[in-house]
Amino acid sequence: MNIQKITSRNNDYIKEIVKLKDKKHRDRERKFCFEGIKLLEEAVKHKIELESVLLTEKAYASLPFPLPDTGVIIVSDEVYEKISFEKSPEGVFCVAKALDKFHNIYIIYKREYFSDGTFFILDGIQDPGNLGTVLRTASAFGCGTVILSEDCADIYNSKTIRASMGAVFRQRTVRVSDTVGTVKELQAAGKRVLSAALHKDSFKLSDITPDSSVCFIIGNEGNGIRQSVISASDGTVFIPMNENTESLNAAVAATVLLWEQYKAQI
């Protein structure tokens, strides 16, 4: 194995890696970064195209599984400190190529692009931790495709990847600029699209029986689902809870709905 060493914080490649913390640079270069032993193990398991794996001497000596044959770089602690996102890093930092196989961008997600399985829509989810948690749950409950509105958090944000615990490497997601148009395409394909919102005529979740034809929508953490998207959907649904509770966190609500989709199919 050809292993490089970098000890200077001013190394040109290190400077390029630091730039990848910015979304615009990630989009332009079609690369992203993540940290940690578990995420590296998941990336190797799912054959993610890794450009490089940067490790401290300590991490390299104690890694419990084989490394890729190329792109391994041993860095000094000072260099690792410059590139790291974490407060308590494990000394394992990866640069990977964008996963176009699983993550595509459309204006409208049309029927001819559809893959098998269930669908779940996120409208304006801003918190990358929430997004990562939803992707982790969607993968666990066998969701076929998670559809993101254009203004959702970036799936390649380091916080998204960490919260997903590697699910971002395997969960099919698409990003659309026209969410209403995508809802109409799903309906034309025979899907029943329900927005999670509390209206006077909302369905109680316990009164419906979700199956593979039901697609739920979860909205922005503060403002909920946009009215135009609610109007395009087939109705609204709410999760019954104790009256003293105002609402659920977006990721928690998504977990409940994804479970309802899943248990109807097992």
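Look up: the structure comes first, before these words.
No experiment lies behind these values; they were computed from the predicted model shown.

Undergrad: Would you mind going over the overall build of the protein chain in detail, with residue names and values included?
TA: Helix and strand counts for the protein chain stand at 10 helices and 13 strands. On C-alpha atoms alone, the protein chain measures out to a radius of gyration of 20 Å, which is about the 18 Å that the 2.2 N^0.38 rule sets for 266 residues. When burial is assessed residue by residue, the protein chain has 49% of its 266 residues classed as buried. Put simply, of all contacts in the protein chain between residues at least 6 apart along the chain, 78% involve residues at least 24 apart. Here the protein chain contributes 34 positive and 35 negative side-chain charges, whose respective centroids are spaced 2 Å apart.

Undergrad: Give me the nonpolar core: which residues, what numbers.
TA: Within the largest apolar cluster, 51 residues are counted, with the highest numbers of intra-cluster contacts made by Phe34, Leu122 and Phe169. Ranked by residue count, the leading element in this core is helix α10 (residues 250–263), at 6 residues. Setting aside its immediate chain neighbours within four residues, Leu122 contacts Leu131, Val134, Val146, Ile147, Leu148, Ser149, Cys152 and Ile218. Counting 19 residues, the second-largest nonpolar core is a separate cluster that includes Ile121, Ile147, Ala197 and Ala232.

Undergrad: Tell me what's going on with the packing of helix α6 (residues 128–140) against α10, and back it up with residues and numbers.
TA: Packed helices, taken two at a time, are described by the angle between their axes plus the distance between the axes. Between α6 and α10, the least distance of the axes is 9 Å, while the angle of their chain directions is 15°. Classified by the interaxial angle, the pair formed by α6 and α10 is roughly parallel. Along this stretch, α6 crosses α10, giving a crossing that reads as right-handed. Taken together, the residues of α10 that come into contact with α6 (itself represented by Asn130, Thr133, Val134, Thr137 and Ala138) are Ala250, Ala251, Ala254, Thr255 and Leu258. In terms of residue class, the contact of α6 with α10 is made up of 6 nonpolar, 4 polar and no charged.

Undergrad: Which residues make up the sheet that holds strand β9 (residues 173–176), and what are the values?
TA: An order of β6-β9-β8-β7-β12-β10-β13-β11 is seen for the 8 strands of this open sheet, with the pairing classed as parallel. Both edges of this open sheet fall to β6 (103–106) and β11 (203–204), since each of them pairs with a single strand only. The sheet contact formed by β6 and β9 spans 4 bridges and is parallel. Within β9, the position partnered with His103 by the bridge is Thr173. Packing against the sheet, α6 makes contact with β7 (119–123), β8 (145–149) and β9, and its axis sits at approximately 160° to β8. Contacting β7, β10 (192–196) and β12 (214–219), α10 crosses the sheet at an angle of about 175° to β12.

Undergrad: How would you sum up a nonpolar patch on the surface? Please name residues and give values.
TA: On the surface, Met241, Leu248 and Val252 cluster together into a nonpolar patch covering about 220 Å² of accessible area. In this structure, Val252 sits in helix α10.

Undergrad: So what's going on with the pairing of strand β2 (residues 31–35)? Which residues, and what values?
TA: The element β2 is largely enclosed, with a buried count of 5 among its 5 residues. Residues Lys31, Cys33 and Glu35 of β2 are buried on one face, and the alternating residues Phe32 and Phe34, pointing to the opposite face, are buried as well. Where β2 meets strand β5 (residues 92–97), 5 bridges bridge the pair, whose relative direction is antiparallel. Bridge pairing in β5 places Phe32 opposite Ala96.

About the thresholds
Residues numbered from 1 in each chain as written. Predicted model: local features only at pLDDT ≥ 70, side-chain atom pairs only at ≥ 80, totals over all residues. Heavy atoms only, no water. Helix = DSSP H or I, 4+ residues; strand = E, 2+ residues; numbered from the N terminus. Rg over C-alpha atoms; globule rule 2.2 N^0.38 Å. Buried < 20%, exposed > 50% of the residue type's maximum accessible area, 1.4 Å probe, protein only. Contact = heavy atoms within 4.5 Å. Lys, Arg positive; Asp, Glu negative; His and termini not counted. Charge placed at Lys NZ, Arg CZ, Asp CG, Glu CD. Core = buried A, V, L, I, M, F, W, Y, C linked by side-chain atoms within 4.5 Å. Axes fitted to C-alpha atoms, helices over the stretch in contact; angles between N-to-C directions. Parallel < 35°, antiparallel > 145°, perpendicular 65-115°, else oblique. Left-handed = near helix turned anticlockwise from the far one by under 90°. Nonpolar A, V, L, I, M, F, W, Y, C, P; charged D, E, K, R; others polar. Pairing = 2+ DSSP bridges. Patch = residues over 30% accessible without salt bridge, like charges linked within 9 Å, V, L, I, M, F, W, Y side chains within 5 Å. Areas by Shrake-Rupley, 256 points an atom, 1.4 Å probe, with all protein chains shown as cover. Salt bridge = Lys/Arg side-chain N within 4 Å of Asp/Glu carboxyl O.

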